[in-house]
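# Observations on the model geometry
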Amino acid sequence: MTLQLREFQADELGEFIMGENAGDKFANDTERPAHQVRLERPFALGKFLVTVGAYRLFAPDHAPNEDVEWPVVNVSWIAAQSYCEWLSERSGLACRLPSEAEWEFACRAGSQTPFAIGNELTAQDANFLFSEYGERIGAGHRTRVGAFPANAFGLHDLHGNVCEWVADAWHPNYRGAPANGSAWTADGDETRRAIRGGAWDYLPRLLRSAWRDSFPADQRRDNIGFRIACDL
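Because the structure is a prediction, the values reported are computed rather than measured.

### What about the overall build of the chain?
On a plain count of helices and strands, the chain comes out with three helices and 10 strands. Each helix (α) and strand (β) of the chain, taken in turn from the N terminus, gives the series β-β-β-β-α-α-β-α-β-β-β-β-β. Against the compact-globule benchmark of 17 Å for 232 residues, the chain has a radius of gyration of 16 Å, which places it among compact chains. Judged by the C-alpha coordinates and their principal axes, the chain covers about 45 × 40 × 35 Å. Expressed as a percentage of its 232 residues, the buried residues of the chain come to 53%. Contacts in the chain between residues far apart in sequence, at least 24 positions, make up 71% of those at least 6 positions apart. Taken as a whole, the chain presents about 10,200 Å² of accessible surface, with 49% of it coming from carbon and sulfur.

### Looking at unusual backbone geometry
Going from Arg32 to Pro33, the amide bond is cis rather than trans, its omega being -5 degrees. Residue position: Pro33 is located in the loop between strand E2 (14-18) and strand E3 (35-39). Positive phi, close to 55 degrees, is recorded for Asn74, a residue that is not glycine. Tracing the backbone through its elements, the reader meets Asn74 in the loop between helix H1 (52-56) and helix H2 (77-91).

### Here's the deal with the layout of surface pockets
In this structure, the largest pocket encloses a volume near 380 Å³. In terms of lining residues, the largest pocket is bounded by 17 residues, among which Lys25, Phe26, Asn119, Glu120 and Glu132 are the most central. For the lining of the largest pocket, the per-class residue count stands at eight nonpolar, three polar and six charged.

### Re the pattern of salt bridges
Enumeration according to the criterion identifies 21 salt bridges in this entry. Close ionic contact of Glu66 with Arg142 constitutes a salt bridge, the shortest N to O distance being 2.8 Å. Taken as a pair, Glu66 in the loop between H1 and H2 and Arg142 in the loop between helix H3 (100-108) and strand E6 (163-170) lie far apart in primary sequence, 76 residues in all. Overall, Glu66 belongs to the partly exposed group, its relative accessible area being 24%. Classification of Arg142 by relative accessible area gives buried; the value is 7%. Salt-bridge contacts for Arg212 lead to Glu100; the nearest nitrogen and oxygen are separated by 2.9 Å. Of this pair, Arg212 sits in strand E8 (residues 212-216) while Glu100 is found in helix H3, placing the two residues 112 residues apart along the sequence. Each member of the pair, Arg212 as well as Glu100, carries the same accessibility label: buried. If you follow the salt bridges from partner to partner, you end up with Glu100, Glu104, Arg108, Arg196 and Arg212 in one network.

### Examining the sheet that holds strand E1 (residues 5-8)
The sheet built from four strands is open, its strands ordered E1-E4-E10-E5 with antiparallel pairing. Single-partner strands in this sheet number two, and they are E1 and strand E5 (94-96). Neighbour-to-neighbour, the strand axes of this sheet turn through a mean angle of 25 degrees, independent of strand direction. In this sheet, strand E10 (residues 229-231) lies alongside strand E4 (residues 43-46) in antiparallel orientation, the contact comprising three bridges. Each bridged residue has a counterpart across the sheet, and for Phe43 the counterpart in E10 is Asp231.

### Side note on the packing of aromatic side chains
All told, the structure shown has 13 aromatic pairs when counted by the stated rule. Pairing Tyr202 with Trp211 gives two aromatic rings, centres 5.8 Å apart and planes at 80 degrees, and the pair type is edge-to-face. When sorted by exposure, Tyr202 lands in the same class as Trp211, which is buried. Three or more aromatic residues link up through ring pairs in this structure, and these residues are Phe8, Phe16, Phe43, Phe105 and Phe153.

### Let's talk about the sheet that holds E8
The strand order across the open sheet built from four strands is E8-E7-E6-E9, with neighbouring strands paired in mixed fashion. Strands with a single pairing partner mark the edges of an open sheet, and in this sheet they are E8 and strand E9 (224-225). When E6 meets strand E7 (residues 189-196), the two strands line up antiparallel, connected through four bridges. Counterpart to Glu164 in the pairing with E7 is Arg196.

### Remarks on the nonpolar core
Of all hydrophobic cores here, the largest spans 41 residues; its most connected members are Val50, Tyr55, Tyr83, Leu97, Trp165, Phe226 and Ile228. Within the residue set of this core, elements represented by two or more residues are H1, H2 and E6. The element best represented in this core is H2, accounting for seven residues. Counting residues in hydrophobic clusters, the runner-up holds 24 residues, among them Phe105, Leu155, Ala194 and Ala229.

Thresholds applied
- Residues numbered from 1 in each chain as written.
- Predicted model: local features only at pLDDT ≥ 70, side-chain atom pairs only at ≥ 80, totals over all residues.
- Heavy atoms only, no water.
- Helix = DSSP H or I, 4+ residues; strand = E, 2+ residues; numbered from the N terminus.
- Rg over C-alpha atoms; globule rule 2.2 N^0.38 Å.
- Buried < 20%, exposed > 50% of the residue type's maximum accessible area, 1.4 Å probe, protein only.
- Contact = heavy atoms within 4.5 Å.
- Areas by Shrake-Rupley, 256 points an atom, 1.4 Å probe, with all protein chains shown as cover.
- 1 Å grid on protein atoms, 1.4 Å probe; cavity = no way out; pocket = protein on both sides within 12 Å on 5 of 7 lines; lining within 4 Å.
- Points joined across faces, edges and corners; volume = space filled by probe spheres on them.
- Nonpolar A, V, L, I, M, F, W, Y, C, P; charged D, E, K, R; others polar.
- Salt bridge = Lys/Arg side-chain N within 4 Å of Asp/Glu carboxyl O.
- Pairing = 2+ DSSP bridges.
- Axes fitted to C-alpha atoms, helices over the stretch in contact; angles between N-to-C directions.
- Phe/Tyr/Trp six-rings, centres within 6.5 Å; stacked < 30°, edge-to-face > 60°.
- Core = buried A, V, L, I, M, F, W, Y, C linked by side-chain atoms within 4.5 Å.

See the structure below:
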């Protein structure tokens, strides 16, 4: 699948509340304090996660037996950065990983509920494995990008399928977070990078718009991928 971008121009940007949703029983300290962010710099975000097929153009030997339309995984944050640099040279665009704030703005798509579509998520809405009652209801593996409905911004798989690397260094809470939507790298643990979105082997509570976690930047996992952002 070729790179397909959703552009966010200045007139679509503005303020949103990032972090904990009021009354969300699954919220935790990593999502606090909820804070106002004002996005002013136009950017674009991939409508889809980077696929195995797209990544193979950069790394031909990667996952030779996998479906080319599955989201790529087993890619470290460092390797994702290298892919962005390669894609920038190939496309002429200024490609990068999104900031946490850009990612959450895009995931929420104007909502202020735990999920972009409301308070609940079903197996028809996203790719995840277990219900909150422990019942296995998902596919149990990655699914092709775009197989689930897009959100109100026309973006797919922001809830589930695979977790997504973002640009930010890890901070265990939002105290001191930038208010302009830029990637937060100062005073953080740069050996660890934030991930967002939740994955195919998770519970819905880990797919919430505010959910966040981190992994070492050099680590590769079978449920972490990424999507491209571009400066406009």
